[in-house]
Amino acid sequence: MSIANHNSGMTRRGFLQNSGIGFGGIALASLMHQEATAKTLPTHFAPRAKHVIYLHMIGAPSQLDMFEPKPELVKRHNQPCPAEVTKDRDFAFIGKTSTLAGCPWKYSQHGECGHSFSELLPHMAGVSDEIAMIHSIHTEEINHAPAQMFLHSGFGRGGRPSFGSWVSYGLGSENENLPGYIVLLSGPTGGAGTSLWSSGFLPSIHQGIQFRSQGDPVLFLSNPKDHTNQDRRHVLDAVANLNRQHLSVTGDPEIETRIEQYEMAFRMQASVPDLMNLEGETKETLDLYGAQPGKASFANNCLLARRLVERGVRLIELYDADWDHHNGLDKNLPLKCKQIDQPIAALIRDLKRRGLLDDTLIVWGSEFGRTPLRQGGNAKGNAVAGRDHHKDAFTMWLAGGGVKGGVSHGRTDDFGMDIVEDGVHVHDLNATILHLLGIDHERLTYRYQGREFRLTDVDGHLIRPILA
């Protein structure tokens with residue numbers, strides 16, 4: 001699988017092939033009565049995390065109103081922005097000349113570490129010491145869809161594998177009855193759509209599988225009306241035989257993937273309904289998250305993420321919509337914070353009390369941040385004002401899975417416009433997450449169209465100060 005040992009020149013794919021279990025053998029493990037798909041594949045070094053829960057807030061929350069207090073910005077609220085601050089800088093919608101906008105919500109410090117949270121996040125503030133804040137993330141894309149793809153695939157256009165697909169390709173799955181890469185949505189998809197969990201040019205077995213909170217958890221998972229599991233088994237056996245005949249002629253690895261996906265779907269008919277049923281959770285746990293069985297919500301998805309980790313799912317991505325606040329920030333941001341604050345804090349607490357936080361990495365963030373400039377409104381800064389896209393300085397955070405809780409990394413200027421200390425590129429973030437999973441990002445490669453590709457392109461450095 002092209003995770004190369006630089007000393008020997010041996011790739012993982014070469015190792016597996018020489019050992020008699022090539023990639024096709026892994027993909028077809030259940031059919032060949034092997035156990036490879038249910039095991040962790042070799043890593044470059046000992047992993048600190050076995051699972052990742054990636055919380056992506058679609059549309060870009062304002063870091064200045066949640067995690068980054070800027071007293072000088074508040075002091076100069078509604079004053080013209082100095083020309084040198086916006087010189088040679090592009091914004092998505094507002095012009096070069098604009099008005100500074102301070103945060104209208106109170107900030108306070110929390111935990112022994114003293115992380116700052118605005119009053120919009122009282123629950124998250126309670127787990128402050130578990131969180132490693134990174135206040136100096138920057139990206140290369142200024143609009144939503146390209147920036148979403150860049151964050152998750154290292155490239156601003158479609159066609160590349162998503163982060164989860166790279167992880168699935170590099171590490172395999174721990175549970176043969178569930179996909180290794182699962183996606184949960186609350187609200188509509190982002191501007192980049194399903195390309196956010198696409199396998200790109202990797203074998204399609206590594207694509208993210210979307211689970212739904214209502215109806216069939218996975219589309220077309222249930223048997224057709226008046227058809228039994230035995231009927232389905234007969235059909236699958238017949239189709240598998242045809243596919244094997246075709247495979248023997250063409251050698252197309254996608255046929256192997258198709259056979260395994262049919263078999264996975266059959267096994268999921270038994271495993272998924274139990275997984276998605278939250279009725280078995282205690283009232284205390286449901287209240288902790290604010291979850292309501294049978295309803296679609298971010299809270300339910302956070303609880304499902306914990307259940308997926310318990311079942312050995314490698315990568316779970318939660319996408320939450322409606323964070324694109326170009327106006328109405330005063331009403332919309334409190335509403336969104338209320339929806340995520342309690343469930344995220346509950347997820348951290350629940351994983352910790354179950355002994356799962358140490359090997360589960362939680363990543364929170366978005367495609368970019370928001371400007372310290374007011375967008376819309378009038379000179380009085382009325383309620384319709386919002387903030388524009390800002391790709392040059394924003395906040396993300398990590399918790400659990402080998403991360404040093406309570407640390408704060410990176411710093412921006414008094415307005416939150418520019419990074420003045422320890423900048424972190426998106427490639428650095430992805431390199432660090434892979435490192436925590438035991439993967440050297442420079443050695444996780446895939447040869448396609450005559451060249452080697454990787455998630456971090458030709459860049460990426462570890463964010464060592466946040467590593468435990």
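Right above here is the structure, for reference.
Residues numbered from 1 in each chain as written. Predicted model: local features only at pLDDT ≥ 70, side-chain atom pairs only at ≥ 80, totals over all residues. Heavy atoms only, no water.

Caption draft 1: Molecular detail of the overall build of the protein chain. Counting its regular elements, the protein chain contains 13 helices and 18 strands. Nonlocal contacts in the protein chain, meaning residues at least 24 apart in sequence, comprise 77% of its contacts between residues at least 6 apart. Total accessible area on the protein chain is roughly 19,500 Å²; 50% of this is exposed by carbon and sulfur atoms. (Helix = DSSP H or I, 4+ residues; strand = E, 2+ residues; numbered from the N terminus. Contact = heavy atoms within 4.5 Å. Areas by Shrake-Rupley, 256 points an atom, 1.4 Å probe, with all protein chains shown as cover.)

Caption draft 2: Structural detail: the environment of D237. Following the sequence through the fold, D237 ends up in helix α8 (residues 229-250). The class for D237 is partly exposed, based on a relative accessible area of 35%. Sequence separation of D237 and I259 is 22 residues, and the distance between their C-alpha atoms is 9.7 Å. (Buried < 20%, exposed > 50% of the residue type's maximum accessible area, 1.4 Å probe, protein only.)

Caption draft 3: Expanded view of unusual backbone geometry. A positive phi angle, close to 60 degrees, is found at D88, a residue other than glycine. Summarising the element assignment, D88 is placed in the loop between α4 (83-86) and β2 (99-100). Exposure remark for D88: the relative accessible area of 73% places this residue in the exposed category. Positive phi, close to 55 degrees, is recorded for D457, a residue that is not glycine.

Caption draft 4: Representation of the sheet that holds strand β10 (residues 369-375) within the structure. Spatially, three strands are ordered β2-β10-β11 in an open sheet, and the strand pairing comes out antiparallel. Of all the strands in the sheet, just β2 and β11 (386-390) have a single pairing partner and so form its edges. In this sheet, β10 lies alongside β2 in antiparallel orientation, the contact comprising two bridges. In the sheet register, T99 faces β10, and the bridge partner there is R374. (Pairing = 2+ DSSP bridges.)

Caption draft 5: Here's a closer look at the packing of helix α11 (residues 298-310) against helix α12 (residues 329-353). Look at α11 against α12: their axes get within 9 Å of each other, and the N-to-C directions meet at 15 degrees. What the angle tells us is that α11 and α12 run roughly parallel. Every pair of crossing elements has a handedness; the one defined by α11 and α12 is right-handed. Across the interface between the two elements, F298, A299, C302, L303 and R306 from α11 touch Q339, I340, P343, I344, L347, D350 and L351 from α12. Split by residue class, the contact of α11 with α12 holds nine nonpolar, one polar and two charged. (Axes fitted to C-alpha atoms, helices over the stretch in contact; angles between N-to-C directions. Parallel < 35°, antiparallel > 145°, perpendicular 65-115°, else oblique. Left-handed = near helix turned anticlockwise from the far one by under 90°. Nonpolar A, V, L, I, M, F, W, Y, C, P; charged D, E, K, R; others polar.)

Caption draft 6: Here's a closer look at empty space enclosed by the protein. Counted according to the given criterion, the structure contains two cavities of 30 Å³ or more. In this model, the largest cavity occupies a volume close to 50 Å³. Taken as a whole, the second largest cavity encloses approximately 30 Å³ of empty space. Forming the walls of the second largest cavity are R89, D90, F91, I142, H389, H390, K391 and D392. (1 Å grid on protein atoms, 1.4 Å probe; cavity = no way out; pocket = protein on both sides within 12 Å on 5 of 7 lines; lining within 4 Å. Points joined across faces, edges and corners; volume = space filled by probe spheres on them.)

Function-wise, these values are silent; they only describe arrangement.
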